[in-house]
Amino acid sequence: MEREVQRVRAAFGSGRSRPLTFRRRQLEALRVMVQEREKDILAAIGADLSKSEFNAYSQEVITVLGEIDLMLEKLPEWAAAKPAQRNLLTMLDEAYIQPEPLGVVLIIGAWNYPFALIIQPLIGAIAAGNAVIIKPSEVSENTAKLLAKLLPQYLDQDLYAVVTGGVEETTELLKQRFDHILYTGNTTVGKIVMQAAAKHLTPVTLELGGKSPCYVDRDCDLDVACRRIAWGKFMNCGQTCIAPDYVLCEPSLQDLIVQKVQEAVKGFYGENVKESPDYERIVNLRHFKRIQSLLEGQKIAFGGEMDEATRYIAPTILTDVDPGTKVMQEEIFGPILPIVPVKNADEAIQFINEREKPLAFYVFSHNSKLIKRMIDGTSSGGVTGNDVIMHFTLSSLPFGGVGSSGMGAYHGKHSFDTFSHQRPCLLKTLKREGVNQLRYPPNSQSKVDWAKFFMLKRFNKERLCLLLLTLLGVLAAVLIKVVELLSLVENPEVQAN
Amino acid sequence: MDPFADTLQRLREAFVSGRTRPAKFRAAQLKGLSLFLQENKQLLQEALAQDLYKTAFHSEVSELILCQNQVDFALRNLHTWMKDEPGAKNLMTQLDSVFIRKEPFGLVLILSPWNYPLNLSLGPLVGALSAGNCVVLKPSEISKSTMKVLAKVLPRYLDQSCFAVVLGGPEETGRLLEHKFDYIFFTGSPRVGKIVMAAAAKHLTPVTLELGGKNPCYVDDNCDPQTVANRVAFFRCFNAGQTCVAPDYVLCSPEMQAQLVPALQSAITRFYGNDPQRSPDLGRIISQKHFQRLRGLLSCGRVVIGGQSDECDLYIAPTVLVDVKETEPVMQEEIFGPILPIVNVRSLDQAIDFINRREKPLALYAFSNSSQVGLDEVKQMLDRTSSGSFAGNQGFTFLTLTSLPFGGVGQSGMGRYHGKFSFDTFSHHRACLLSHPGLEMLNNIRYPPYSDFEQKLITWALGSHSCTLL
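Every value quoted in this text rests on a predicted model; they were computed, and no experiment measured them. (Residues numbered from 1 in each chain as written. Chains lettered and ligands numbered in written order. Predicted model: local features only at pLDDT ≥ 70, side-chain atom pairs only at ≥ 80, totals over all residues. Heavy atoms only, no water.)

1. A short note on the overall build of chain A
The following threshold applies: Runs of E in the DSSP output that reach at least two residues are strands. Runs of H or I that reach at least four are helices, and both are numbered from the N terminus. Each residue's exposure class comes from its accessible area (1.4 Å probe, protein chains only) as a fraction of the maximum for that residue type: buried when under 20%, exposed when over 50%, partly exposed otherwise. Throughout, a residue-residue contact means that at least one pair of heavy atoms, one from each residue, lies within 4.5 Å. Throughout, the Shrake-Rupley method with a 1.4 Å probe supplies accessible areas, and for residues the shown protein chains are the sole cover considered.
From N to C terminus, chain A includes 18 helices and 18 strands. For chain A, buried positions account for 59% of its 497 residues. A fraction of 71% describes how many contacts in chain A between residues 6 or more apart in sequence connect residues 24 or more apart. Surface exposure of chain A reaches about 19,600 Å², of which carbon and sulfur atoms provide 56%.

What follows is the structure in structure tokens.
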């Protein structure tokens, strides 16, 4: 493990990953890989999550292609130095912020979107000029194996390395030193990652999870709301970090919601959900049993069917859920939708705030004032109003958590910035030392006043022109006087006369 | 008995109540800071003089003015900063509202050091308050006098339900760090930085760590030795060398060294007189512990300038060392004193290698007299190294620019602040998408089941070639 990291570090040290042309070539190669090996990629994801080719394509591959294209388009702009505003003290200097690569980045992926959650961060890390060690989740075995095979075929083998393995290998890997770690996964391991990073003072981006609440107001288009909630909830069989985890609504809405979600489910997956090609399976037996245990003692409004052999769990809704029960204690990450009745929006806000800050917050309402009030009154990684999941799809929005749902963010420019060091630079010349006399000791009160003037005043062009004109005027006056004096000195006869 | 539990509970409740969120409240807090600085100028100058032998001038330029600047800048820009930042939309979200909401994290802990005890407390505080957080400030116990002013006087100018100063040494800080905070801002050494981050990890608390390191100062053969000596000596000896961004050591050729040493002597004499111990403009070392540490460094290499020390006065003379070996202590730890070792390199490449073999510093300095604006050697040094900040032909004046972020990289730190960067550091950037409630027809395309036609259409619509549209 140590040798592998050292090898990658040495490759970074060569400076090869820094020129924009190189980064561009790698991103283009990545694009070619995704296009040429599409079938293999979709098959691997399909094998891991029982996902149809189309779903794998629309949920993972498209996202990745979009990100590559965005990065290719914007790279020159984002990698360029940005000039910074100066003050009077520095007005003749060059001041700017230069983005730079950090060095060796570690990306630890998750198993629920095993391809996108590795490749999307990878795109940002490459674009920012880093070398990368990629550690896909061992739970999504097929995708991990495929990435280990494909990436070295298309990308520079010394700069970008795939490391496979389970908990043991990851622990070993985390002992090594990196310049940034991006981890997607759960809170418990997130803490372990940050602890390991602390030993080397490595900055981290942690994309974790939590229970993302979904408040449904009485004043909303319930058909649309339920359809969207069902779509977001049952996508990937509930195994989405930003899936609406549970619903909060007034008691009178419960039955209607159950009915409409049920209708939506039927519309999506047909009468026999098990046979729909668009419905996925739980990733492994451990999670299957975990989710199964969440149903104990719950009132199942519909669904609840399970098949251990195929790890199938039917879209399920629970009603009148007691917040103290297990299903409300951990992130569900499965196709179970609890409905917790609350009196009103205020109670919902209180309910949400009593818990850890979630990765996403959803609210459905026609009343924009209510939506605003709920956003203002809560905190979460991100928000989508009157829909679910969608804030993830906009690369202009940073994707990340807050509190126990994570720290840092990525996607689009946020990826580029996350994997860069934004280095401030101030370049001066060695000339004009005269101007510096002001700051050197020995010091005096007048120097204080001058210091205040130079440091507190902002560099304002119009004022500066005025100042310059004034100074010129003063200079002119002084010069005239000096010339007069000089001529007097040189021609005493004139003076005498 | 947990001495902090009550205070933290109180502050948390205040945050939950929403008191710190309105712009009016935040502006009032910032104005309070401003008033604190203005009304207690003399008190603060006296405290700084007692702690670090700072003259009124030094206190003004390195602490008071910078604080005032940060407060004024924040007040001027608060409303703009607080506004939601609009985000670019794609084809599918054209009718939606897309923005990034800046929100306070909640309860922020600021741990500040002793070398610029006012500035490094208030600087982050400005950011934390303007971002709407409740704040616990733990100033360094080593800069005792300033600590007392901050503990006794500062709270009077702020809303005490949302702000508290806690005191203590390493043990108390350790206990404080067991509690959960929503953000921790630490300025200090890398060693303690690791401890802070490890403690933060237990609660998944994000951190900004402003640490340190050995800031290299490369001096090219092609430059005027006296000008360089002026700038280097000034920034090295400022605050008796106790500045995280001070040039720590010089890299130059033996030929340049021969010219630089007399020039440095000349600069030092000019600034501090023949007996620097009598100059009011040279600071003192903060404590016995650091004095002893620095005195030990005086025996490294060979002293060519200075080398004197006075234990009773905690005085170390502006000192230049030559013939230092990389393995000696003076080249192993951050000096943080008025001692400047010179290490010889034979070329720019050698200097760059030397720098890159070591930890990334907080600041990097390069001096060269290239007549082009391009400043070749300087640019090369910049391109081929990494550091928190970079200055060409200059000292740490970049600190005065609120438009430049201030922070480290690698061992010298993570995160940044100053100006708007402070506000952004202490804010959670919440991605918000408010979907248009109608037009469900357009959305039907995303729901299963997917007919062959729909699959083709979606693939095309979201596909790469139309991504430029998106």
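2. What about the pattern of salt bridges?
This is how the line gets drawn: By definition, a salt bridge exists where a carboxyl oxygen of Asp or Glu is found within 4 Å of a side-chain nitrogen of Lys or Arg.
Scanning the entire structure with this criterion turns up 52 salt bridges over all chains. In this structure, the salt-bridge partner of D424(B) is K102(B), at a minimum N-O distance of 3.1 Å. Of the two residues, D424(B) sits in helix α14 (residues 419–425) while K102(B) sits in strand β2 (residues 97–104), which places them 322 residues apart along the sequence. According to the relative accessible area criterion, K102(B) is buried, its value standing at 6%. Overlapping salt bridges bring together E4(A), R7(A), R16(A), D156(A) and D158(A) as one network.

3. Comments concerning the environment of L151(A)
Of note, L151(A) is situated in helix α6 (residues 141–154). Excluding residues that lie within four positions of it along the chain, L151(A) makes contacts with L30(A), M33(A), I119(A), L122(A), I134(A) and V162(A).

4. Here we look at helix α13 (residues 368–377) of chain A
Put simply, the rule reads: The reported arc concerns the directions from the helix axis to the C-beta atoms and nothing else. Contacts described as polar in this section are N or O atom pairs within 3.5 Å, which, within protein, must combine one atom able to donate a hydrogen with one able to accept it, while residues neighboring in sequence count only if both atoms come from side chains.
Of the residues making up α13(A), those classed as buried are L370(A), I371(A), M374(A) and I375(A). Looking straight down α13(A), one finds its buried side chains confined to an arc of 135 degrees; they lie on one side. Across from the buried face of α13(A), at angles greater than 90 degrees, the exposed residues are S368(A) and K369(A). Looking at the buried side of α13(A), the elements it contacts are β8 (213–216), α12 (345–353), β15 (360–364) and β16 (382–385) of chain A together with β2 and β18 (427–434) of chain B. Regarding α13(A), its N-cap is N367(A), as a side-chain oxygen of that residue lies 3.0 Å from the backbone nitrogen of K369(A) further along.

5. Observations regarding the sheet that holds strand β8 (residues 216–219) of chain B
As a reminder of what qualifies: In this scheme, strands are said to pair when DSSP sees at least two bridges between them.
Reading across the sheet, the 10 strands line up as β1(A)-β2(A)-β18(A)-β16(B)-β15(B)-β8(B)-β9(B)-β14(B)-β13(B)-β10(B) and stay open at both edges, with mixed pairing between neighbours. For this open sheet the edge positions go to β1 (82–83) of chain A together with β10 (302–305) of chain B, each flanked by a neighbour on one side alone. Bridge analysis of strand β15 (residues 363–367) of chain B against strand β16 (residues 389–392) of chain B gives four bridges, and the strand direction is parallel. Its bridge partner lying in β16(B), A366(B) is registered against G392(B).

6. Notes on the UniProt feature "active site" (unreviewed entry) in chain B
Residue and element names in this part refer to chain B. Filter applied, for reference: UniProt positions are given in the numbering used here, feature names are shortened, and annotations may be inferred rather than shown by experiment.
In the numbering adopted here, UniProt assigns the feature "active site" (unreviewed entry) to E210 and C244. These annotated residues cover 35 residues of sequence, and their C-alpha atoms all fall within 9.0 Å of one another, placing them together at a single site. If you trace the backbone, E210 turns up in strand β7 (residues 207–210). A relative accessible area of 2% places E210 in the buried class. Not counting chain neighbours up to four residues away, the residues in contact with E210 comprise F185, F186, T187, G188, F406, G407, S412, G415, R416 and Y417. In this fold, C244 is placed in the loop between α9 (225–237) and β9 (249–252). What C244 contacts, discounting residues up to four positions off in sequence, is N115, L211, N215, E334, F336, L362 and F406.

7. Looking at the pairing of β18(B)
Residues and elements named next belong to chain B. Burial runs high along β18: six of the eight residues are buried. Here β2 pairs with β18 via eight bridges, running antiparallel. When the sheet's bridge partners are listed, K102 is paired in β18 with H429.

8. Quick word on the interface of chain B and chain A
Interface size, as often reported, equals the accessible area lost upon joining of the parts. Selection criterion: For any pair of parts, buried area is found by adding up, for both, the accessible area (1.4 Å probe) each one loses once the two are put together.
On the chain A side, the residues contacting the 111 residues of chain B number 104 residues. Of the roughly 8,800 Å² buried where chain B meets chain A, counting both sides, 60% is carbon and sulfur surface. Of all residues in chain B, L204(B), R430(B) and R446(B) give up the largest surface area on contact with chain A, accounting jointly for 8% of the area buried on that side. At the boundary of chain B with chain A, the tally comes to five salt bridges. Across the chain B-chain A interface, the total number found is 34 residue pairs in polar contact (both at pLDDT 80 or more).

9. A few points about the domain arrangement of chain B
All names here are of chain B. The condition is simple: Either an automatic procedure or a domain database provided the assignment from which the domain bounds are taken. Amino acids are sorted into nonpolar (Ala, Val, Leu, Ile, Met, Phe, Trp, Tyr, Cys and Pro), charged (Asp, Glu, Lys and Arg) and polar (every other residue, Gly among them).
The domain boundaries assigned to chain B delineate domain 1 (4–212 + 415–428) and domain 2 (216–407). Taken together, the contact between domain 1 and domain 2 spans 27 residues of the former and 24 residues of the latter. Between domain 1 and domain 2, a total of about 2,200 Å² is buried, with carbon and sulfur atoms accounting for 62% of that surface. Summed over the shared surface of domain 1 and domain 2, the number is zero salt bridges. Where domain 1 meets domain 2, there are five residue pairs in polar contact (both at pLDDT 80 or more). Only α3 (41–52), α4 (56–82) and α14 provide two or more residues apiece to the side of domain 1 that touches domain 2. For the side of domain 1 that touches domain 2, the per-class residue count stands at 11 nonpolar, 11 polar and five charged.

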